[in-house]
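Residues per chain, in single letters:
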Amino acid sequence: MPAKLILSMDGAVIKEYALDKERITIGRKPHNDIVISNLAVSSEHAAVITILNDSFFEDMNSTNGSLVNGAPAMKHFLQNNDVIEIGKYKLKYLNDQPTQTTAADFEKTMVLRAPVKPSAAPAAASGEQAAKYESTTQFNATANRAPAALAASAMPAAAASAAAAMPVAMIQILNGPNLGKEMELSKNLTTLGKPGVQVAVLARRPHGYFMTHVEGANFPAINGVSIGEQPHQLNDHDVIELAGIKMEFYFKA
């Protein structure tokens, strides 16, 4: 059974929403998946992204903000019984399925540095500087993690068994300071981008790899075409454009 959100106000349950797709939007306008018709709620207030059995909450730069478990939150890895507050409304997150990862996996984002003009580039800019691993907004992860740290956490046995049936996937950077660098997609979830600008998640599933937009006004592009809000399956040698960086997705021979 998929995770769900239970919408309530003043203790009275209004409606239940199954998290049966990767991106569920919350807002005042009718095009949202969860519509809350209240002036304290922004037109597009927030979103819940669900990948495998895991979900995380993102405030979409709303006017009045959001709370999770009573604390202001822009991003939050959701756990069973967490409560999201938007204005006078509450959304309780219920998920009895084992998670595929941990909150720490969402904390780390491989920061992609876009190419800069020669006149603006520091004289001693190095590839190592450009490859720093930093935390995303509202996450208190340690900065400058080595690439191996991004792929260090162990997968559950079932997920590892399913992953073994697929070819190993790689990402190779095609421009910018990290031109030519490669990274093996050895985790269930790999977060790429530039926090505050554009972030996407690459999810490994039993039937392939999928990219989902997470943060930013503009969607990532694959082979020159915007992926939109819905998850997009990646094919061998697809070219991804994200946060000003181009990279090739391919299966390791």
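Check the entry above for the structure.
Please read all numbers here as calculations on a predicted model, not as lab measurements.

J.: Explanation requested: the overall build of the protein chain in the structure shown.
T.: In terms of regular secondary structure, the protein chain is built from four helices and 23 strands. Taken over 253 residues, the protein chain has a buried fraction of 43%. A sequence separation of at least 24 residues applies to 46% of the contacts in the protein chain between residues at least 6 apart. When the accessible surface of the protein chain is totalled, it reaches about 12,200 Å², and 52% of it is carbon and sulfur.

J.: Mind showing me how you'd approach the layout of surface pockets here?
T.: Using a probe with the size of a water molecule, rolled over the atoms, empty space left in the structure can be pinpointed. The calculated volume of the largest pocket comes to roughly 520 Å³. Around the largest pocket, the lining is made up of 27 residues, and of these Arg23, Glu58, Met60, Gly216 and Ala217 lie nearest the centre. Those elements that provide at least two residues to the lining of the largest pocket are strand E3 (23-27), strand E5 (46-51), strand E6 (54-59) and strand E18 (208-215).

J.: Would you mind going over the pattern of salt bridges with me for this structure?
T.: Pairing between side chains of opposite charge can happen when their charged atoms approach one another. Taken as a whole and assessed by the stated rule, the structure comprises four salt bridges. Between lysine 4 and glutamate 16 there is a salt bridge, with its nearest N and O atoms 3.2 Å apart. Of this pair, lysine 4 sits in strand E1 (residues 4-9) while glutamate 16 sits in strand E2 (residues 12-18), and the two are twelve residues apart along the sequence. Linking glutamate 22 and arginine 205 is a salt bridge whose minimum nitrogen-to-oxygen distance equals 1.6 Å. Placement of glutamate 22 in the loop between E2 and E3 and of arginine 205 in strand E17 (residues 198-205) is noted, with a sequence separation of 183 residues between them. For the pair formed by glutamate 22 and arginine 205, the shared burial category is buried.

J.: Can you walk me through the sheet that holds strand E4 (residues 34-35) in this structure?
T.: As a general point, the strands of a sheet are linked pairwise by backbone hydrogen bonds and lie either parallel or antiparallel. Spatially, the five strands line up as an open sheet ordered E4-E3-E5-E6-E9, and their pairing is mixed. Each edge of the open sheet is held by one strand with a lone partner, namely E4 and strand E9 (75-77). Bridging between E3 and E5 involves four bridges; their strand directions are antiparallel. Looking at E5, one finds that isoleucine 24 is bridged to valine 48.

J.: Please explain unusual backbone geometry as it appears in this structure.
T.: Note on backbone geometry: most residues besides glycine have negative phi, and most peptide bonds are trans. Not every positive phi belongs to a glycine, and aspartate 10 is a case in point at roughly 55°. For aspartate 10, a relative accessible area of 72% corresponds to the exposed category. The phi angle at alanine 243 is positive, at roughly 55°, despite the residue not being glycine. Structurally, alanine 243 is set in the loop between strand E22 (238-242) and strand E23 (245-251). For alanine 243, a relative accessible area of 9% corresponds to the buried category.

Reading guide: rules and limits
Residues numbered from 1 in each chain as written. Predicted model: local features only at pLDDT ≥ 70, side-chain atom pairs only at ≥ 80, totals over all residues. Heavy atoms only, no water. Helix = DSSP H or I, 4+ residues; strand = E, 2+ residues; numbered from the N terminus. Buried < 20%, exposed > 50% of the residue type's maximum accessible area, 1.4 Å probe, protein only. Contact = heavy atoms within 4.5 Å. Areas by Shrake-Rupley, 256 points an atom, 1.4 Å probe, with all protein chains shown as cover. 1 Å grid on protein atoms, 1.4 Å probe; cavity = no way out; pocket = protein on both sides within 12 Å on 5 of 7 lines; lining within 4 Å. Points joined across faces, edges and corners; volume = space filled by probe spheres on them. Salt bridge = Lys/Arg side-chain N within 4 Å of Asp/Glu carboxyl O. Pairing = 2+ DSSP bridges.

None of this, on its own, says anything about what the molecule does.
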